Amino acid sequence: VTGSKAALSDVLALLDQPLPAQVNQPEPEPLALRQSIRFDNVSFQYSSDGPWVLEDIDLTIAKGTRVGIIGSTGGGKSTTLDLLMGLLEPTRGQILVDGQPVSLDRQRAWQRTVAHVPQSIFLADTTIAENIAFGIPPDQIDLGRVRKAAQQARIAEFIESRPKGYDAIVGERGVRISGGQRQRVGIARALYKQASVLIFDEATSSLDNETEQAVMQTIEGLNKDFTLLIVAHRRTTLKNCTQIVELGEGGIRRVCSYHDIVNLTAVSLQKNRDNQIHAE
């Protein structure tokens, strides 16, 4: 009991926190992205006396583009995504959607426009339909929307071939379906939300090469109206991206094409080989 006292104290303190005023307000309509998202001189630090995690970021993401994001651990990738999703607010600068800042009164509408597909998809021990329409009471699920999202995520054929279809139970953490199918359920969940900006955060890094390629084909086959941000360590995952943004040391190192990244990597490898030869 004594060992749990500190954790219990933290839980009670959290329960005493006031809820934001907007919690009880009706859900706003998604904030439609018509032209671009822009980071306008954005800087961020977690505390006033802490280091700058990002500093003076200027970046424009046009609607419908496929943007690859790379960089070493600690380079600011996660912070950049959290800022874009409205989970963090810039310390300096602002994030603009179609030229207008994502202010507090527009934040919930913007968050309805953005969906996040992580590396590890949380699946509840319930039906496939409930996992796609995650967080929606079962009696309020739009099955037509569920089917459409499953078709877009290229998992409808698998689901509909099962005896119980969309009523099939996935098991705790999705143990009854494969890793690739779990990721497709995650993509379908994002599409059910009717988001138009999709963030794939290392979404295929835990998959084997063959399954990763199949899931990436699903992602690449999405309608060109979707704006995609794809974070990946394997650079081959990003070969069909419109542009690649490399983050590091609190800023943008370069914005280039996949072809440029491949060439830079080849030059770097050759230099390393030459240095090793000279050292010997």
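Within each chain, residues carry numbers counting from 1 in the order of the written sequence. It should be noted that, the model being predicted, local features are given only for residues of pLDDT at least 70 and side-chain atom pairs only at 80 or more, the latter also being counted only at that level, while totals for whole chains, interfaces and linings use all residues. Side-chain measures here rest on the full set of heavy atoms in the structure, leaving out hydrogens and waters.

*Asks:* Break down the packing of aromatic side chains for me, citing the residues and quoting the values.
*Replies:* Between rings of Phe, Tyr and Trp, where Trp is taken as its six-membered ring, a pair exists when centres lie within 6.5 Å; planes separated by under 30 degrees are stacked, by over 60 edge-to-face, and by other angles tilted. One pass over the structure, following the stated rule, counts 2 aromatic pairs. When the ring of Phe44 is compared with that of Tyr46, the centres are 4.7 Å apart and the planes differ by 90 degrees; the resulting orientation is edge-to-face. For the exposure calls, accessible area comes from a 1.4 Å probe over protein chains only, and a residue counts as buried if that area is under 20% of its type's maximum, exposed if over 50%, partly exposed in between. Judged by relative accessible area, which is 54%, Tyr46 ranks as exposed. Both rings, one in Phe122 and one in Phe134, keep their centres 5.9 Å apart while their planes meet at 70 degrees; by these two values the pair is edge-to-face. On the criterion of sequence distance, the pair formed by Phe122 in the loop between strand S6 (114-117) and helix H4 (128-132) and Phe134 in the loop between H4 and helix H5 (143-152) is long-range, its members being 12 residues apart. Positioned over the ring face of Trp52 is Arg92, at 4.4 Å from the centre of the ring. By the criteria applied, helices consist of DSSP H or I runs no shorter than four residues and strands consist of E runs no shorter than two, each listed in order from the N terminus. A positively charged side chain is recorded as over a ring if its NZ (Lys) or CZ (Arg) lies within 6 Å of the ring centre. The angle to the ring normal must also be within 35 degrees.

*Asks:* Residue-level account of empty space enclosed by the protein, with values.
*Replies:* For each structure, a 1 Å grid was placed over the protein atoms alone; sets of points admitting a 1.4 Å probe that cannot get out are labelled cavities, open sets with protein on both sides within 12 Å along at least five of seven lines are labelled pockets, and lining residues have an atom within 4 Å of a point. Grid points are joined across faces, edges and corners, and a volume is the space filled by probe spheres set on the points. Applying the stated criterion across every chain, the model contains 1 cavity of 30 Å³ or more. Contributions of two or more residues to the lining of the largest cavity are made by helix H8 (209-220) and strand S8 (227-231). Gly is put with the polar residues, along with every residue not named as nonpolar or charged; the nonpolar set is Ala, Val, Leu, Ile, Met, Phe, Trp, Tyr, Cys and Pro, and the charged set is Asp, Glu, Lys and Arg. Here the residues of the lining of the largest cavity sort into 5 nonpolar, 2 polar and 2 charged.

*Asks:* So what about the state of the cysteines? Which residues, and what values?
*Replies:* Two cysteine sulfurs form a disulfide in these notes if their separation is within 2.5 Å. Within the structure shown, the criterion is met by 0 disulfides. Between Cys241, a free cysteine, and Cys256, which holds the nearest cysteine sulfur, the sulfur-to-sulfur gap is 11 Å.

*Asks:* Can you explain the confidence of the model for the protein chain? Please cite residues and give values.
*Replies:* Taken residue by residue, the protein chain gives an average pLDDT of 87. The fraction at 70 or more is 92%. Confidence scores labelled pLDDT are given residue by residue by the predictor and lie between 0 and 100. Averaged over each element, pLDDT in the protein chain is lowest for helix H9 (residues 258-279) (62) and highest for strand S1 (residues 36-44) (96).

*Asks:* For the nonpolar core, give the residues involved together with the corresponding values.
*Replies:* Nonpolar core, defined: a set of buried Ala, Val, Leu, Ile, Met, Phe, Trp, Tyr and Cys residues in which side-chain atoms within 4.5 Å join the residues together. Among the nonpolar cores identified, the biggest contains 45 residues, and Ile132, Leu198 and Phe200 are the most heavily contacted of them. For this core, the element with the most residues is helix H7 (residues 179-192), which contributes 6 residues. Among residues more than four places away in sequence, those in contact with Phe200 are Val117, Ile187, Ile219, Leu222, Leu228, Leu229, Ile230 and Val231. Counting 27 residues, the second largest nonpolar core, distinct from the first, contains Leu33, Phe44, Leu83 and Val245. Any two residues having at least one pair of non-hydrogen atoms within 4.5 Å are treated as being in contact.

*Asks:* Pulling in residues and values, what's your account of the pattern of salt bridges?
*Replies:* One speaks of a salt bridge when a side-chain nitrogen belonging to Lys or Arg is within 4 Å of a carboxyl oxygen belonging to Asp or Glu. Per the stated rule, a full pass over the model turns up 5 salt bridges. The residue Arg253 makes a salt bridge to Glu249 at a minimum N-O spacing of 3.4 Å. When salt bridges with common partners are traced through the structure, they connect Glu246, Glu249, Arg253 and Arg254 into a single cluster.

*Asks:* Go over unusual backbone geometry with me, naming the residues and quoting the values.
*Replies:* What is expected of a backbone is that most residues other than glycine have negative phi and most peptide bonds are trans. Of note, Gln194 is a non-glycine position whose phi angle comes to about 65 degrees, a positive value. Along the chain, Gln194 falls in the loop between H7 and strand S7 (197-201). The phi torsion at Glu249 lies on the positive side, around 55 degrees, for a residue other than glycine. One can find Glu249 in the loop between strand S9 (243-248) and strand S10 (251-256). Judged by its relative accessible area of 75%, Glu249 falls in the exposed class.

*Asks:* Give me the lowdown on the side chain of Thr65, citing residues and values where you can.
*Replies:* By secondary structure assignment, the location of Thr65 is in the loop between strand S2 (54-62) and strand S3 (66-70). Side-chain atoms alone can form a polar contact between residues adjacent in sequence; in general such a contact is a pair of N or O atoms within 3.5 Å, and within protein one must be able to donate a hydrogen while the other accepts it. A polar atom in the side chain of Thr65 sits 2.6 Å from the backbone oxygen of Ala62. Discounting residues that sit within four places of it in the chain, Thr65 has contacts with Phe226, Thr227, Leu228 and Thr242.

*Asks:* Break down a nonpolar patch on the surface for me, citing the residues and quoting the values.
*Replies:* Only residues whose relative accessible area exceeds 30% and that take part in no salt bridge are eligible for patches, with like-charged residues grouped when within 9 Å of each other and nonpolar side chains (Val, Leu, Ile, Met, Phe, Trp, Tyr) grouped when within 5 Å. The accessible surface values rely on the Shrake-Rupley method and a 1.4 Å probe; as for residues, cover is taken only from the protein chains in view. A surface patch of nonpolar side chains, amounting to about 400 Å² of accessible area, comprises Leu8, Val11, Leu12 and Leu15. In this structure, Val11 sits in helix H1 (residues 5-15). Assessed through its relative accessible area of 44%, Val11 is described here as partly exposed.

*Asks:* A description of the sheet that holds S1 should follow, citing residues and the corresponding values.
*Replies:* One requirement defines pairing of two strands: DSSP has to find at least two bridges between them. Judged by pairing direction, the sheet is antiparallel, and its 4 strands sit side by side in the order S2-S1-S4-S5 without closing on themselves. Whereas interior strands pair on both sides, the edge strands pair on one side only; in this sheet they are S2 and strand S5 (100-101). Seen against the sheet, helix H2 (residues 77-84) touches S1, S2 and strand S4 (92-97) and runs at an angle of roughly 120 degrees to S1. The axes used here are C-alpha line fits, helices contributing only the stretch in contact, and every angle between their N-to-C directions lies in the interval 0 to 180 degrees.

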